[in-house]
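Structural characterization, general
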Amino acid sequence: MHVIQRCAAAAAIVSSFAVFAQSTATIAGSVADPSGAPVPAATVVVENSVTKFRAQAETGQDGTFAVRNIPFHTYNVSVTRAGFQTHVETVSLRSAVPAGLNVRLALAASAESVTVTASSELLVDPEETGTHIQMNQADIEKLALQTGNKGIESVIVSFPGFVQNANGAIHPRGAHNQMTFVIDGMPISDQLTGAFANAVDPNIVQTVELFTGNVPVEYGAKMSGVANITTKSGLGTGRKFSGNVLVNAARFDLLSQVAQVAGEQGRFGYSAIVNTSKSHRYLDSVSLDNLHNGGNNQRGFLRLDWQAGARDIVRFNAMAGRSSYQLANLRSQHANGMDQRQLLRDASGSFSWVRTLDARTTLESTTSYRSTIAQLFPSAGDTPVTASQARHLSTFNTGARLNAVRGAHNLRMGFDVQRFPVSEHFTFGITAPGFNQPGSDGYNPNLARHDLTRGGQLFDFRGKASGGLYSGFLQDSLTLGRWQLSLGVRYDAYRFLVDGNQLQPRAGFAFHIKEMGTVLRGSYSRTYQTPPNENLLLSSSQQAAAIAPPAIQERLGSAVVLLRPERQNFLEAGLQQALGRRASLNVSYYHKNARDQQDNNNFLNTGVIFPVTLSRIRVNGVEGRLAFPPVQGFSGSVSVTHSRAISTPPFTGGLYIGNEAIDALSMGPFVIDHDQPISVHGVLTYAHPKGFYATLSNRYDYGLVANPSDPAVVAADPDYRDLLPYVNLNGSPARVRPRNIVDLALGFERSKEGRKQWDAGVQFTNLTNRTALYNFQSVFVGTRVVQPFSAGIRLRWGARHRSGSQAARRVSQ
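Residues numbered from 1 in each chain as written. Predicted model: local features only at pLDDT ≥ 70, side-chain atom pairs only at ≥ 80, totals over all residues. Heavy atoms only, no water.

1. Structural notes on the overall build of the protein chain
- Each helix and strand counted, the protein chain has 10 helices and 42 strands in total.
- What you see for the protein chain is a C-alpha radius of gyration of 27 Å, in line with the 28 Å of a compact globule of 813 residues.
- The C-alpha extent of the protein chain, read off along each of the three principal axes, is 95 × 50 × 45 Å.
- Looking at the 813 residues of the protein chain, the share that counts as buried comes to 61%. (Helix = DSSP H or I, 4+ residues; strand = E, 2+ residues; numbered from the N terminus. Rg over C-alpha atoms; globule rule 2.2 N^0.38 Å. Buried < 20%, exposed > 50% of the residue type's maximum accessible area, 1.4 Å probe, protein only.)

And the structure:
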């Protein structure tokens, strides 16, 4: 088997191209016949049957090729050409440093074969020291995703370790929503849920890599889960222009369209996507009636790549989104004419430059800017509370990465500088006489001054501040025979409402028992997770502390306690096991304990949330994933997650309006709503060679922790009494009842010469029409109902113009 050559043997090839993007690999080389003469028009395919990543290129007249934009992993590389034997070998791509591959094809008539069968080697990954899973565009396109404003989270939730919540929110390994999305090197740590911000559009994704264990030290701030997203590029399309239009229609008056274009000309590539949708069930409803719940959104994405020279490539990304929607009403609110609305807007841009210094070293730099604006508009019929909001968060980030391969060492080091100016304006007032009525259970005397029905005045908060996060890191991945070591250290300096510093060692190992197809792994990570910037000024203010329930004030012992970053110790042990040549099993056990736990409390059912911290949290979990690579068209996976999360008060920060349970939760340790004994997510896909496909998805959730409400009080409340069958308030703790949701997608793809021409499909979400809740009267989330049965259709058709350039045929994304 040929060996990947990263040194002198590959230098001539590497010098002819520039590395493609941050956190992706490039492989380039040449194909020759037995005499050493170049072989043009040979097809080179890079493929992993487990992750289902596949990319291909064609050699030019000089026999050279390049395949770029490859997620870090282990792959089979096959080279085919009429008249020659097919060559297959396994390569490990773990660095942005370009990898070179030189292949000599044996003649088809030759008695000696150099073909290597390596597919079984891909069932386990001996270089993974933590939990790391991938999904690619082809799988995402065939999923039966729920209607409405669901982003990439609706894809990620199929992975183990994630608890599903309303409006696309997910809890990674016992955390609230502490995730970072890295889009072509641009970090986004905003809380990306449908009710709080515009989510990442799944249509822009080429591949998504998910890290939840032994997360590399280059990631910080919010890293209970890190989604590293590689977007679609025009370079490698082999055409000056290609494009397609996707149209969806479904129940609840859902209409959406996605228009995509991409292409390349010489050294320049472009890709652009525009996505628009509208629905009368925009977010998850707060009642079975789905009242006042319409909305629309528009999102756009642009990526430009320019190969400026033999060693340099420049990339520019731009994204923008807008969502306008009604806030879902309870029956009493609808009868009163309540018409609250929310408007979310965001825009971001990033500029990246990557230079190949030599055959073993690259330098990357990325500078980005992101702006998000959220506005809540009140109405005359607001009840029991009226509120308004205008919030603006900007994030400026610049950083650099140096990648170097030195013998068995794969080094990565760098720094990041982040600045984030924040402005907030929030008002509220009580409009219902029966809400927070003096003498009633749960009465908060500190809210009396803002009771508009009793002569009070609006609570009015305005604030502005700027903060920063300054980070540096060093990572070394070291291969020593059967051992793989991942050693790193990170340092963060946080400067905002509080100042903090943290040195974070992270270390992991993997041991490969090749004879048994087994990989054992373990890791320790020290992390430093900064508070959410959204509504942080209000949550940390004297004004918010003054209206906190007396139980909160008594336990804090001071007027204002500022929210500090969460300091966390994380331990993980895992096992990968190949099951013959047909399946792979990945199992993990993890334990984490943290001080100053980050979370949010919900402002009634609005989706407006305010950061809080609790003194401590302890989480233990077990998860596993069984994956089946394609066999006769069938492939699939089953993900199982168990987590136990115990939080310890007191609460700090937040804005507690209508959260009577906060008194009980402040008494001592409690099971928080991230806790769920078991969830199971299975996906089965069938793809026929002639283009027919089907994807069946089944998810079982035991149920999240609910508010410990009195069943008699709920039974007397016309807004909530019909939800009683779907929540167990007598449990310890109270939980929403288990649910099993089945989704199905069926379709047909028409392709020609390996290019998709059109496809048509139908999708069914909640196929059995199961009535269920995500949560019930939760301090942290509120009440949300699972979407009922919905059927829809989708049609896609495309157009393309072939490029005649030889370069276009030699590279692929």
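2. Structural notes on the sheet that holds strand β2 (residues 43–48)
- With antiparallel pairing, 4 strands are arranged side by side in an open sheet as β3-β2-β5-β6. Each edge of the sheet is formed by a strand with only one pairing partner; in this case those strands are β3 (53–58) and β6 (87–93). Between one strand axis and the next, the sheet turns by 20° as a mean value, whatever way the strands run.
- Judged from the 7 bridges that link them, strand β5 (residues 73–80) and β6 form a sheet pairing that is antiparallel. Bridge pairing in β6 links Ser-78 to Val-88. (Pairing = 2+ DSSP bridges. Axes fitted to C-alpha atoms, helices over the stretch in contact; angles between N-to-C directions.)

3. Structural notes on the sheet that holds strand β14 (residues 225–231)
- Read across the open sheet, the 5 strands follow the order β8-β13-β14-β11-β12; overall the sheet is mixed. Of all strands in the sheet, those bounded by a partner on one side alone are β8 (132–136) and β12 (186–188). Looking at each pair of strands side by side, their axes are set apart by 20° on average, direction ignored.
- Relative to strand β13 (residues 205–211), β8 is paired through 5 bridges, and the arrangement is antiparallel. When the sheet's bridge partners are listed, Met-135 is paired in β13 with Val-208.

4. Things to note about the nonpolar core
- Core analysis: the biggest nonpolar cluster contains 37 residues, and Phe-426, Phe-428, Tyr-494, Leu-538, Phe-603, Leu-655 and Ile-657 have the highest contact counts within it.
- Contributing elements (two or more residues each) for this core: β21 (361–377), β22 (385–406), β23 (409–430), β24 (459–480) and α5 (536–539).
- Per-element tally for this core: the top contributor is β23, with 5 residues.
- Setting aside residues no more than four positions away along its own chain, Leu-538 makes contact with Glu-424, Phe-426, Phe-459, Phe-461, Ala-544, Phe-610 and Leu-655.
- Among the nonpolar cores identified, the runner-up in size contains 31 residues, and Ile-183, Ala-227, Val-258 and Val-683 belong to it. (Core = buried A, V, L, I, M, F, W, Y, C linked by side-chain atoms within 4.5 Å. Contact = heavy atoms within 4.5 Å.)

5. Quick word on the packing of aromatic side chains
- If you walk through the whole model with that rule in mind, you get 20 aromatic pairs.
- Taken together, a centroid distance of 5.8 Å and an interplanar angle of 85° make the contact between Tyr-720 and Phe-776 edge-to-face. Linking Tyr-720 in the loop between α9 (711–715) and β35 (727–728) with Phe-776 in strand β39 (residues 773–778), this pair joins segments that are 56 residues apart in sequence.
- An aromatic cluster of at least three residues, connected via ring pairs, comprises Phe-426, Phe-428, Phe-459, Phe-603 and Phe-610.
- A cation sits over an aromatic face here: Arg-281 above Phe-252, 5.3 Å from the ring centre. (Phe/Tyr/Trp six-rings, centres within 6.5 Å; stacked < 30°, edge-to-face > 60°. Lys NZ or Arg CZ within 6 Å of the ring centre and 35° of its normal.)

6. Examining the side chain of Arg-735
- Within the secondary structure layout, Arg-735 lies in strand β36 (residues 735–736).
- By relative accessible area, which is 9% here, Arg-735 ends up buried.
- A distance of 2.4 Å separates a polar atom in the side chain of Arg-735 from a polar atom in the side chain of Asp-675.
- Within the structure, Arg-735 has its side chain in polar contact with the backbone oxygen of Gly-703 (distance 2.9 Å).
- Discounting residues that sit within four places of it in the chain, Arg-735 has contacts with Arg-644, Val-671, Asp-675, Gln-676, Pro-677, Tyr-702, Gly-703, Leu-704, Val-705, Ala-706, Val-727 and Asn-728. (Polar contact = N/O pair within 3.5 Å; in protein donor to acceptor, adjacent residues only side chain to side chain.)

7. Observations concerning the pattern of salt bridges
- Counting across every chain of the model gives 29 salt bridges.
- A salt bridge links Glu-623 to Arg-173; its shortest N-O distance comes to 2.6 Å. Of this pair, Glu-623 sits in strand β30 (residues 609–631) while Arg-173 sits in the loop between β10 (170–172) and β11 (179–183); the two residues are 450 residues apart in sequence, bridging distant segments of the chain. Taken individually, Glu-623 and Arg-173 each receive the classification buried, so the pair is uniform in this respect.
- Its salt-bridge partner being Asp-759, residue Arg-796 comes within 3.0 Å of it at the nearest N-O pair. Here Arg-796 is found in strand β41 (residues 790–802), whereas its partner Asp-759 is found in strand β38 (residues 755–765), with 37 residues between them in sequence.
- Residue classification places Asp-759 among the buried residues on the basis of a relative accessible area of 5%.
- It is possible to trace a salt-bridge network through shared partners that takes in Glu-218, Glu-364, Arg-401, Arg-412 and Asp-416. (Salt bridge = Lys/Arg side-chain N within 4 Å of Asp/Glu carboxyl O.)

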